[in-house]
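Single-letter residue listing:
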Amino acid sequence: MSTTRKRVYGYLAEFESATALYAAAEKIRDHGFTCWDCYSAYPIHGLDTAMGLKRSILPWFVFCGGLTGMATAFTLAYTTQVVIYPTVVQAKPANLFTLPAFFPILFELTVLFSGLTVLFGLLALIRLPRLNHPLFESHQFHRVTDDGFFIAIEAMDPQFNREQTRDLLAQIGGSSIELVEED
Amino acid sequence: MPLTSETVPKPPVSIKLPVLEREKLVLHGRSYHWITTRVCGILENKQPLLWWWIFIPCTLIAIIGVGGGLVRLVSTGVGIWGNSNRVMWGWPIVNFVFWIGIGHAGTLISAILFLTRQNWRTSINRASEAMTIFAVICAGIFPAFHVGRVWFAWFLAPLPNANGIWQNFKSPLLWDVFAVSTYFTISLIFWYLGLVPDLATIRDRCKPGLRKIVYGIFAIGWRGGNRQWSHYEMAYLLLASLATVLVLSVHSVVSFDFASSVVPGWHTTIFPPYFVAGAIFGGFAMVLTIMLPARFIYGLQDLITMKHIDNMARIILLTGTIVGYAYLMELFVAFYTGAIYEMDAFKFRITGPYWWAYAVMMTCNVISPQVFWFKACRENLWVVMIVAMCINVGMWFERFVIIVGTLARTWLPGDWKCFAPTLQDQSLFVGTLGLFLALFMLFLRFLPCINIAEVKWTLKESNPHHEPPDDPGVTRIPAYQKENLKSPPPRS
């Protein structure tokens, strides 16, 4: 419906190579933009620094997840084997010193909980699944997963300005600059 | 420049450093778009006739062998597996250990080779991870059903039974349940996370319709922004580290099932490293068995180069030699300890009624991979394929020798029986082979069999800091690559 009022998402500009994208990212970072991102088909080495991104905090989540897993395994093994129903099998005792026999399960549950934390922690950090996104409205953005290199600066950014931002993108080597709008 | 005689060396005009280039992982300077089109083309175009010729028989074998076999087993009872003596239990265990071992190469390629920055892994990691998942599925069938009354298989889970008795956490069999289920879960997460960017690639190439919706849902809205890649790469690194310890632990735990028993021939400390090396060895052979035909059928020679095959052949040679060392060391330790029961167990394996299984194991696993010392053999795909097939057979027989060859002579002479698989036994195993291949065919049909994003990442121009090609200070010497022998690249 053409009568629907559209909301501006931001500018999308294409760059010709990973090197050009890297150089452009450094300039946008130095201009002090905050709501923007570089899009590419594969992770580009060093782009985090060029964009001024901090190291991912995912390892801390996973560390906590792993500790939870180990604690779960210890509680499970100790409670069931020593507290609730001590069974003497093959003359192995049922007390705290049975701990070495619990090591494989301590290890496995540590790994299992860590792995699940990686998955769900990652999804939380990158805010996915999100099947719809204004960028998918763009007529050229589908090339990002093939061979396109793009930078999108969002209208939410306090520095965003319709004319100046477009000029900046053109000046740092962006082509096919497109104003992306969402319904 | 003035003329000089032969004996006086020319003064150096400028110092040129010789630089040996790395082998190219993608040949013929293929572009990003070519890689996308070639890999996605496999699942977007019609499958070749050969695909149907493999898929339909495999599916039938899987339905009859696994589906029919299990229905008959559950409705009749495990007696149809001929479980009338202790040796007969060996068959499901042989197949379980065989399949679980196959999976290890996938995890090694995706995890250990990732941590050691072996970029050649990128072309083969997706298919090997898929192979891991399917192999673990095949493996899981055997222990789940060999419990006899399968509706009590929940006894394996850490839940109390009706009398309030819990599982024995000191038992290697319960460790195995945890190890295998963790292995499957982590492998699945690893595989799926790796797939997400490639599923997004397929989503973006689809025309609007059901296909786009389905791929779109599984691609969870991936956009390829660097704020996503940054966390994604960290997640991949973490999973690789977790999977690295898993690949070493799973088959170790499987080997504890044997090593912690008091049975001559099983009760040895060499079992964990020996099983892990054997698993990686057998797994790489299976990767080659399925990837060599796939590479040929789908024309992936520029992505899976002779260099990749050469590397895999070298790993097979290394792990095969470790396995050979373990076989010999087992014999030496049996002799050196002076334990008569231990010595007798090995004498029985070598000269007893299963001497032929031992001979097949030794020939296929120790002797056949030794041809890979020679470059000509590593570069001849027929030789590579034949050796890989030999290893597949040999690794199955290794488990047969270890399990059946030991159970047939345990402590009590009343247990001394010989083993013959029933028709049910055989059809279930053949059924899992069909299931494995059928699942792999479906994988080739519906999912990108090469990790598109990671292969693009290995291209030289993907690194924003790659050196300019015309650096005057160096002379580039191209690395040896078999494909370049016919048309050597121009030296610059």
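Residues numbered from 1 in each chain as written. Chains lettered and ligands numbered in written order. Predicted model: local features only at pLDDT ≥ 70, side-chain atom pairs only at ≥ 80, totals over all residues.

J.: Help me out: how do you make sense of the overall build of chain B in this one?
T.: Within chain B, the secondary structure is distributed over 16 helices and 2 strands. For 492 residues, the compact-globule formula gives about 23 Å, and the C-alpha radius of gyration of chain B, at 26 Å, lands near that figure. Across its three principal axes, chain B shows a C-alpha extent of roughly 95 × 65 × 45 Å. Of all 492 residues assigned to chain B, the portion counted as buried reaches 45%. Contacts in chain B between residues at least 24 apart in sequence constitute 82% of all its contacts with a sequence separation of at least 6. (Helix = DSSP H or I, 4+ residues; strand = E, 2+ residues; numbered from the N terminus. Rg over C-alpha atoms; globule rule 2.2 N^0.38 Å. Buried ≥ 20, exposed ≤ 12 C-beta atoms within 10 Å, placed from the backbone. Contact = placed C-beta atoms within 7 Å.)

J.: Explanation requested: the domain arrangement of chain A in the structure shown.
T.: How big an interface is tends to be stated in terms of the accessible area lost upon association of its parts. The assigned domain composition of chain A is domain 1 (7–52 + 132–182) and domain 2 (58–125). Computed from C-alpha coordinates alone, the two centres of domain 1 of chain A and domain 2 of chain A are separated by 45 Å. (Domains from an automatic or database assignment.)

J.: What exactly am I supposed to notice about the interface of chain B and chain A here?
T.: The interface is formed by 57 residues belonging to chain B together with 59 residues belonging to chain A. Sorting the residues of the side of chain B that touches chain A by element identifies α1 (32–44), α6 (172–205), α7 (210–218), α8 (226–259) and α16 (452–458) of chain B as the ones contributing at least two each. For the side of chain B that touches chain A, the residue count by class is 29 nonpolar, 20 polar and 8 charged. (Nonpolar A, V, L, I, M, F, W, Y, C, P; charged D, E, K, R; others polar.)

J.: It is not clear to me how the nonpolar core should be interpreted in this structure. Could you clarify?
T.: As a rule of thumb, nonpolar side chains are buried together in soluble globular proteins. Residues Leu 21, Ala 25 and Ile 151 of chain A together with Met 131 and Val 287 of chain B are the most contacted members of the largest nonpolar core, which totals 185 residues. Here this core takes 16 residues from α8 of chain B, the largest share from any one element. For this core, the domains that each give at least three residues are domain 1 (7–52 + 132–182) and domain 2 (58–125) of chain A. Those residues in contact with Val 287 of chain B that lie beyond four places of it in its chain are Ala 105, Ile 124, Ser 128, Met 131 and Met 312 of chain B. (Core = buried A, V, L, I, M, F, W, Y, C linked by C-beta atoms within 7 Å.)

J.: What is the right way to look at the sheet that holds strand β3 (residues 149–154) of chain A in this model?
T.: Working definition: the strands of a sheet are paired by backbone hydrogen bonds and lie parallel or antiparallel to each other. Residues and elements named next belong to chain A. Read from one edge to the other, the open sheet built from 4 strands follows the order β2-β3-β1-β4, with strand pairing classed as antiparallel. Strand pairing shows two members of the sheet lacking a second neighbour, β2 (36–39) and β4 (175–182), which therefore form its edges. Neighbour to neighbour, the strand axes of the sheet diverge by 20° on average, direction disregarded. Contacting β1 (7–15), β2 and β3, helix α1 (residues 18–30) runs over the sheet at an angle of about 20° to β3. (Pairing = 2+ DSSP bridges. Axes fitted to C-alpha atoms, helices over the stretch in contact; angles between N-to-C directions.)

J.: What's the story with the environment of Gly 352 of chain B in this structure? I'm lost.
T.: Among the secondary structure elements, Gly 352 of chain B is positioned in the loop between α11 (340–351) and α12 (355–367). The spacing of Gly 352 of chain B and Arg 409 of chain B is 57 residues in sequence and 10.0 Å in space, taken between C-alpha atoms.

J.: Help me understand the environment of Thr 98 of chain A in this model?
T.: Mapped onto the secondary structure, Thr 98 of chain A falls in the loop between α3 (58–84) and α4 (99–125). Look at Thr 98 of chain A and you get partly exposed, because 17 C-beta atoms sit within 10 Å. Through-space distance from the C-alpha of Thr 98 of chain A to that of Arg 7 of chain A is 64 Å; in sequence the pair is 91 residues apart. With residues up to four places along the chain from it excluded, the contact list for Thr 98 of chain A reads Gln 81, Val 82, Lys 92 and Pro 93 of chain A together with Lys 170 of chain B.

J.: Please clarify how the confidence of the model for chain B should be interpreted in this entry.
T.: In regions of low pLDDT, the predicted coordinates are not meant to be interpreted in detail. Residue and element names in this part refer to chain B. When the pLDDT values of chain B are averaged, the result is 88; 95% of them are 70 or greater. When the elements of chain B are averaged for pLDDT, strand β2 (residues 474–477) gives the smallest value, 80, and α12 the largest, 95. Complex prediction metrics read pTM 0.90 and ipTM 0.93. (pLDDT = per-residue confidence, 0-100.)

J.: Just to check I follow, could you spell out helix α10 (residues 306–337) of chain B for this structure?
T.: Think of an α-helix as turning once every 3.6 residues; residues three or four places apart then point the same way. Over its 32 residues, α10 of chain B extends 46 Å from the first C-alpha to the last, a length consistent with the 46 Å expected when each residue adds 1.5 Å. In the segment just after α10 of chain B, Gly 338 of chain B is the residue with positive phi, at about 75°. (Expected span 1.5 Å × (residues − 1).)

J.: Would you mind going over the environment of Lys 417 of chain B with me for this structure?
T.: Tracing the backbone shows Lys 417 of chain B in the loop between α14 (381–407) and α15 (423–446). Each C-alpha atom of the pair Lys 417 of chain B and Ile 322 of chain B lies 32 Å from the other, and the pair is 95 residues apart in sequence.

J.: Looking at this structure, how should I read α3 of chain A?
T.: The end-to-end C-alpha distance of α3 of chain A, which contains 27 residues, comes to 37 Å, matching closely the 39 Å that a straight helix rising 1.5 Å per residue would cover. Within α3 of chain A, burial applies to Leu 58, Phe 61, Val 62, Gly 65, Gly 66, Gly 69, Ala 73, Ala 77, Thr 80 and Gln 81 of chain A. In the core, the buried residues of α3 of chain A are packed alongside α4 of chain A together with α8 of chain B.

J.: Can you walk me through the pairing of β3 of chain A in this structure?
T.: Along any regular strand the residues' side chains alternate between the sheet's two faces. All names here are of chain A. Summarising burial for β3: 5 of the 6 residues are buried, a large majority. Strand direction decides the pairing type here: β1 and β3, joined by 6 bridges, are antiparallel. Residue pairing across strands places Glu 14 opposite Phe 150, the latter belonging to β3. Summarising the sheet, β2 and β3 pair through 4 bridges and their orientation is antiparallel. In the sheet register, Tyr 39 faces β3, and the bridge partner there is Phe 150.

J.: Even after reading the chapter, I still don't get the packing of helix α3 (residues 90–102) of chain B against helix α5 (residues 125–146) of chain B, so can you show me in this structure?
T.: Helix-helix packing: each pair is described by the crossing angle between the helix axes and the interaxial distance. Residues and elements named next belong to chain B. Contact geometry of α3 with α5 gives a least axis separation of 7 Å together with a crossing angle of 160°. Comparing their axes, α5 and α3 come out roughly antiparallel. Seen from above, α3 lies across α5 with left-handed handedness. Along the contact surface, α3 presents Pro 92, Asn 95, Phe 96, Trp 99, Ile 100 and Ile 102, while α5 presents Met 131, Ala 135, Val 136, Cys 138, Ala 139, Phe 142, Pro 143 and His 146. Here the contact of α3 with α5 is composed, by residue class, of 12 nonpolar, 2 polar and no charged. (Parallel < 35°, antiparallel > 145°, perpendicular 65-115°, else oblique. Left-handed = near helix turned anticlockwise from the far one by under 90°.)

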